[in-house]
Amino acid sequence: MDNLKIERDGAVVTVRLHRPHVLNALSGDLLAELLDTLRPLDTDPEVGCFVVTGSERVFAAGADIKEMAGRTAAQMAAEDYFGAWEDFAALRTPRIAAVNGFALGGGCELAMMCDLVIAGESAVFGQPEIKLGVIPGIGGTQRLTRLVGRAKAMDLVLTGRTMDAREAGGCGLVSRVVPDDRVLPEALEAAATIASYGRAAVTAARECVDRALETGLRDGILFERRVFHALFATDDQKEGMAAFLEKRRPRFTGR
C-alpha cells in the first residue's frame, strides 16, 4: 500500500497515513485504500478497535488540493466528490484518532469521524477552507457544530483560524490532550481497553451516544432503554454480571 501503513496487534488495528511528501493530504487513492483495508476488518469478530494516525509532524493537513483544483462543479457533483468518506464514518468498529501536529481541513474532518480524538500538546486543528474560496466538504460544518457549538464553529469556519490542542479539548473536539510522545501509546491503550469489552455492548454504546446528537432527549432515553434491555439476550451480559458478582475478570466472547 502506497498511502497507508497497517499494523495489527491482537484486536487493535493501527492505520498510519503515509503521504509525507504532501503532508498526508487525503486523496481519492488514499480513501480507496483505507476503505479496502478496513471494510473486511470491520466484520472480523477478532478486531475490536481501529487507531488512525499520521506522523509526528502531521496527522493530515487537508484534502488533496492538486487533485481537485481543476474540476468543474458538474464534475464534482457527478462524482459525488467526498461522498465515499461517509463509508468510513459508517464503519461499526470503534475508531480512535491519534493526532500529532496538524489536523486541518479534511484532516480535522477525519478526526471528527472517529469516536475518540487523542491529541498531543502541539496538535493544531482547523477548517481553513474559506481561504481557498470553498467550505468544508467532508462534514466539517456539520460535525464541528455538533461537537463544539454554533459560536465556535462559526469562528473557525468563517475566519479559517486554527486552534491548539488545549482549546480543542476545552470545547469538546478532543477527548484527551497528552504529551506528544504519549499520543500513540495512549491511543493504543484506549483501543485495547475498548477491544477487551463485549462487541455488542460497545456497538450499542456507540449507537446510543450518536443518537443523542440526532434526536430529542425523550426519544433518546427510550432508545437507550430498549437497547439496554436487548443486551440481556447476549452471553456477554451474563458473563459480565456473573464476573462482577464472583469478583473476577470477565471473559467476553462477543456473543
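Residue numbers run consecutively from 1 along every chain, following the written order of its sequence. Selection of residues for local features in this predicted model requires a pLDDT of at least 70, selection of side-chain atom pairs for listing and counting requires 80 or more, and totals for whole chains, interfaces and linings are taken over all residues. Side-chain figures throughout are based on the complete set of non-hydrogen atoms in the structure, without hydrogens or water.

Asks: Report on helix α7 (residues 150–159), specifying residues and quantitative values.
Replies: Residue burial is assigned from relative accessible area. The probe radius is 1.4 Å, only protein chains are included, and a residue is buried under 20% of its type maximum, exposed over 50%, and partly exposed in between. Numbered from the N terminus, helices here are DSSP runs of H or I no shorter than four residues, and strands are runs of E no shorter than two. The set of residues buried in α7 consists of A153, L156 and V157. Buried residues of α7, viewed axially, fall in a sector of 90°; they line one side. Exposed residues lying more than 90 degrees from the buried face of α7 are A151 and L158. Of the residues one or two after α7, G160 is the one with positive phi, at around 75°. This arc corresponds to the set of directions leading from the helix axis out to the C-beta atoms.

Asks: An account of helix α10 (residues 199–212) is needed here, citing residue identities and associated values.
Replies: By this rule the span expected of a helix is its residue count minus one, scaled by 1.5 Å. Spanning 14 residues, α10 covers 20 Å between terminal C-alpha atoms, matching the ideal 20 Å at 1.5 Å per step. Inspection of α10 places V202, T203, A204, R206 and C208 among the buried residues, and these make up the whole buried set. Against β5 (95–99), α9 (183–195) and α11 (217–230) lie the buried residues of α10. Throughout, a contact is declared for two residues whenever any of their heavy atoms are within 4.5 Å.

Asks: Any details on the packing of helix α6 (residues 140–148) against α7? Residues and values, ideally.
Replies: Remark: α6 packs on α7, axes separated minimally by 7 Å, with the N-to-C direction vectors making an angle of 140°. It follows that α6 is oblique to α7 by the angle criterion. α7 is crossed by α6, and the crossing has right-handed handedness. For the pair formed by α6 and α7, the contact residues are T141, L144, T145 and V148 on the first element and R150, K152, A153, L156 and V157 on the second. A fitted line through C-alpha atoms represents every axis, and for helices the fit uses only the stretch in contact; the resulting angles, taken between N-to-C directions, go from 0 to 180 degrees. Roughly parallel means an angle under 35 degrees; roughly antiparallel means over 145; roughly perpendicular covers 65 to 115; every other angle is labelled oblique. In a left-handed crossing the near helix is turned counterclockwise from the far helix by less than a right angle, and in a right-handed crossing that turn is clockwise.

Asks: Could you give me a rundown of the side chain of D64, with the residues and numbers involved?
Replies: Tracing the backbone shows D64 in the loop between β4 (58–60) and α2 (65–68). Contacts described as polar in this section are N or O atom pairs within 3.5 Å, which, within protein, must combine one atom able to donate a hydrogen with one able to accept it, while residues neighboring in sequence count only if both atoms come from side chains. Separated by 3.0 Å, the side chains of D64 and R19 make a polar contact. Reaching out from D64, the side chain makes a polar contact with the backbone nitrogen of E67 at a distance of 3.2 Å.

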